[in-house]
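Listed here are the chains, written in short residue letters.
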Amino acid sequence: MTIIFYDIPSAAPENAWSPNTWKTRFALNYKGIPYKTEWVEYPDIEAHCIKLGIDATQKKADGKPLYTLPAIHDTSTGAYIADSLKIAEYLDKTYPDTPRLFPNNTVGLQVAFVEAFVSNLSALWQFALPAVNKILNPSSEAYFRRTREAMFGKTMEDLTPTGEAGAAEWAKFEKGLGNVNEWYNKNGGKGPFLLGETPSWGDLVVASYLIWLRIIFGAESRQWKDISSWHGGRWKTLLDSLKEYQSSWSGNLWRTRYHLNFKGIPYKTEWVEYPDIEPHCIKLGIPPTSTKADGTPAFTLPAIYDPATGVYISDSFRIAEYLDHTYPDTPPLLPQNTQALQAAFTEAFNANIAAVWDFIHPIIPSRLSPRSAAYFRRTREAAAGKNMEEFTPKGEEGVAQWARFKEGLERVDAWYAKSSGPFLLGDAPSWADFVVAARVGWCKNIFGEESWQWKDIASWHGGRWNALLDNLKQYRTVEA
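Residues numbered from 1 in each chain as written. Predicted model: local features only at pLDDT ≥ 70, side-chain atom pairs only at ≥ 80, totals over all residues. Heavy atoms only, no water.

Engineer: Which parts of the structure should I look at to understand the packing of helix H19 (residues 431–447) against helix H20 (residues 452–459)?
Structural biologist: Helix packing geometry: the angle between the two helix axes and the distance between the axes. Put simply, H19 and H20 touch, their axes get as near as 8 Å, and they point 150 degrees apart. In terms of their interaxial angle, H19 and H20 are classed as roughly antiparallel. In this structure, the crossing between H19 and H20 has a hand that is left-handed. Between H19, through Val-440, Cys-443, Lys-444 and Phe-447, and H20, the contact on the second element is made entirely by Gln-453, Trp-454 and Ile-457. Each residue belonging to the contact of H19 with H20 can be placed in one class, and the counts come to five nonpolar, one polar and one charged. (Axes fitted to C-alpha atoms, helices over the stretch in contact; angles between N-to-C directions. Helix = DSSP H or I, 4+ residues; strand = E, 2+ residues; numbered from the N terminus. Parallel < 35°, antiparallel > 145°, perpendicular 65-115°, else oblique. Left-handed = near helix turned anticlockwise from the far one by under 90°. Contact = heavy atoms within 4.5 Å. Nonpolar A, V, L, I, M, F, W, Y, C, P; charged D, E, K, R; others polar.)

See the structure below:
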């Protein structure tokens, strides 16, 4: 079973951004249903839907049909469905052995909840829409601007109130979320979700809007910090509680995710917390990837299991070799017998970015769940012999080490400059490009798009690193 999921791309690191399409992405991830994303820019949605026979979801003011995303194509049944609610109902009905989006016959209550929730966001749109406009790709940005300015009767730049009026409208939004917080409080404190300890459709809808706000405003923005702090941290806690259904953060894991997406091989993600990796690998017979300082085997992720061959493999390079060998009709990761060169490139690249680790490691625990954060902190502090807070150099030492990181990337930039295209082998990406993109994207995610660190990196070497991420954006998505 494989779902084709039609989503709207963006210039944001996550690519996926829309609250409406995130509802379906959350639903597929929560149910563990494998899917492949196909990206459709705003002005292409109508033609795309008509071509595939996907139904319109609404009517425009002039009575003509309106086509919207999300939409899915279920290759197992042949069905095409649009509208996130209809998709959710379809998934519950068609895949009853997966976790329910509408448990205990609550579909009517959940639909009413969503309508009430959205009605409490009326003060938000004037702040959010201009922020959305800034993260879209050019063709979608022009479409979004034209249609929304016609809808509101003012330019995008004039939409957001400022000064006292802006403060008053932002307070109205906080009050609206306060109403929703009161509904959550009625679960008796039994968990972070509407039904207690089990997430359901209403939670995924709320989380879809929250992740949208975090993406469009930025994780370090005043707006997101406000929202995260409101109502006892309710909204940050809700997103954290659904973290396993959102995305992957590790640069190493992103290599394999990139590879699977590039080859178009459907996959399902199983999430494993840091302290559980070793017992999980031992239980499944996944081999270790290296040896610890004390001589005992070290088990790491990524790892894959291919049910078509019964094979378990760990280590991202070995996985890439396996995928090329086993699926020769897919785009090659190691073309033209370049395995040795690409392996050597990886070692050289990692050596050239070594100066960044002391800046990155102290931030990582804040991106992890509590158990993984505690494990990460304990093991890294033991290896370094100092507290995590002491990792990052300060003052002149910090400036010098950041300069060394820039110099390291400058050497990598010189290697790219010898190519005739945007990738190391020219016009087609290969293993090495995905290694670099995984690390660069990791920096973007860990530091934050609005951080001075990422703004530095994005500006270096003629914008090389941001351009590389953009060129590989279609493969930077998190499937089930």
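Engineer: So what exactly am I meant to see when it comes to the pattern of salt bridges here?
Structural biologist: A side chain of one charge can pair with a side chain of the opposite charge when the charged atoms of the two come close. Evaluated as defined, the whole model comprises 16 salt bridges. A salt bridge links Asp-240 to Lys-236; the nearest nitrogen and oxygen atoms lie 2.9 Å apart. Here Asp-240 pairs with Lys-236, and both are found in helix H11 (residues 234–241), just four residues apart, close to one helical turn. Assessed through its relative accessible area of 38%, Lys-236 is described here as partly exposed. Here the residues in one salt-bridge network are Glu-141, Arg-145, Glu-149 and Glu-157, joined through shared partners. (Salt bridge = Lys/Arg side-chain N within 4 Å of Asp/Glu carboxyl O. Buried < 20%, exposed > 50% of the residue type's maximum accessible area, 1.4 Å probe, protein only.)

Engineer: Any chance you could explain the packing of aromatic side chains here in plain terms?
Structural biologist: To describe a pair of aromatic rings, you give the distance between the ring centres and the angle between the ring planes. Per the stated rule, a full pass over the model turns up 38 aromatic pairs. Seen from their ring centres, Phe-262 and Tyr-475 are 5.2 Å apart, and the 90 degrees between their planes marks the pair as edge-to-face. Highlighted residues: Phe-262 in helix H12 (residues 251–263) and Tyr-475 in the segment after helix H21 (464–471), separated in sequence by 213 residues. By relative accessible area, which is 14% here, Tyr-475 ends up buried. The ring of Trp-170 carries Arg-222 above its face, with NZ or CZ at 5.8 Å from the centroid. Lying across the ring of Trp-442, Arg-439 places its NZ or CZ 4.8 Å from the centre. (Phe/Tyr/Trp six-rings, centres within 6.5 Å; stacked < 30°, edge-to-face > 60°. Lys NZ or Arg CZ within 6 Å of the ring centre and 35° of its normal.)

Engineer: In this structure, what is going on with the packing of helix H8 (residues 163–185) against helix H9 (residues 201–217)? I would like to understand it.
Structural biologist: Interhelical geometry of H8 versus H9 gives an angle of 150 degrees and a closest axis separation of 13 Å. The orientation of H8 with respect to H9, classified from their angle, is roughly antiparallel. In this structure, H8 crosses over H9, and the sense of that crossing is left-handed. Of the residues in H9, those in contact with Trp-170, Phe-173 and Tyr-184 of H8 are Gly-202, Asp-203, Val-206, Leu-213 and Phe-217. Of the residues that constitute the contact of H8 with H9, the class distribution is six nonpolar, one polar and one charged.

Engineer: Please clarify how the domain arrangement of the protein chain should be interpreted in this entry.
Structural biologist: Interface size is often expressed as the accessible area that is lost when the parts come together. Taken domain by domain, the protein chain comprises domain 1 (3–245) and domain 2 (251–475). Computed from C-alpha coordinates alone, the two centres of domain 1 and domain 2 are separated by 29 Å. Across the contact, 16 residues belong to domain 1 and 14 residues belong to domain 2. For the pair domain 1 and domain 2, the summed buried area comes to about 1200 Å², and 51% of that belongs to carbon and sulfur atoms. Inspection of the domain 1/domain 2 interface yields zero salt bridges. (Domains from an automatic or database assignment. Buried area = accessible area lost by both parts, 1.4 Å probe.)

Engineer: What exactly am I supposed to notice about the sheet that holds strand E1 (residues 3–7) here?
Structural biologist: The pairing of strands in a sheet comes from backbone hydrogen bonds and takes either a parallel or an antiparallel form. Read across the sheet, four strands follow the order E2-E1-E5-E6 without closing on themselves; strand pairing throughout is mixed. If you trace the sheet from one side to the other, it starts and ends with strand E2 (35–39) and strand E6 (79–82), each paired once. Put simply, the sheet's adjacent strands are angled 20 degrees from each other on average, direction ignored. Taken together, the four bridges between E1 and strand E5 (residues 71–74) define a ladder with antiparallel strand orientation. Following the sheet pairing, Ile-3 is matched in E5 by Asp-74. (Pairing = 2+ DSSP bridges.)

Engineer: I keep staring at the pairing of E1 and nothing clicks. Help me out?
Structural biologist: It is a general feature of regular strands that their side chains alternate between the two faces of the sheet. Taking burial as the measure, the five residues of E1 include five buried ones, the bulk of the element. Side chains Ile-3, Phe-5 and Asp-7 of E1 all project onto a buried face; the interleaved residues Ile-4 and Tyr-6 project onto the opposite face, where all are buried too. Sheet topology note: the E1/E2 ladder contains five bridges and is parallel. Within E2, the residue paired with Tyr-6 across the bridge is Glu-38.

Engineer: Any chance you could explain H19 here in plain terms?
Structural biologist: Because an α-helix packs 3.6 residues into every turn, residues spaced three or four apart end up facing the same way. Under the 1.5 Å per step criterion, the end-to-end length of H19 is 24 Å for 17 residues, consistent within 8% with the ideal 24 Å. With 16 of its 17 residues buried, H19 lies for the most part within the structure. A positive phi of about 100 degrees marks Gly-448, the residue just after H19. (Expected span 1.5 Å × (residues − 1).)

Engineer: Sorry, what's going on with the environment of Thr-198 here?
Structural biologist: Structurally, Thr-198 can be placed in the loop between H8 and H9. With a relative accessible area of 42%, Thr-198 lands in the partly exposed category. When the C-alpha atoms of Thr-198 and Arg-439 are compared, they prove to be 34 Å apart, with 241 residues separating the residues in sequence. When near neighbours in sequence (up to four residues on either side) are disregarded, Thr-198 contacts Tyr-30, Phe-193 and Asp-203.

Engineer: For this particular structure, what's the right way to read unusual backbone geometry?
Structural biologist: Residues other than glycine predominantly adopt negative phi, and peptide bonds predominantly adopt the trans conformation. Between Leu-69 and Pro-70 the backbone carries a cis peptide bond, its omega angle lying at 20 degrees. Relative to the elements of secondary structure, Pro-70 occurs in the loop between strand E4 (65–66) and E5. The amide bond that connects Leu-301 to the next residue, Pro-302, takes the cis arrangement and shows omega of 20 degrees. In this structure, Pro-302 sits in the loop between strand E8 (297–298) and strand E9 (303–306). The phi dihedral of Asn-104 falls on the positive side, at around 55 degrees, and the residue is not glycine. Residue classification places Asn-104 among the exposed residues on the basis of a relative accessible area of 70%. For Asn-105, which is not a glycine, the phi torsion comes out positive at approximately 55 degrees. Considering the arrangement of structural elements, one finds Asn-105 in the loop between helix H3 (84–94) and helix H4 (107–119).

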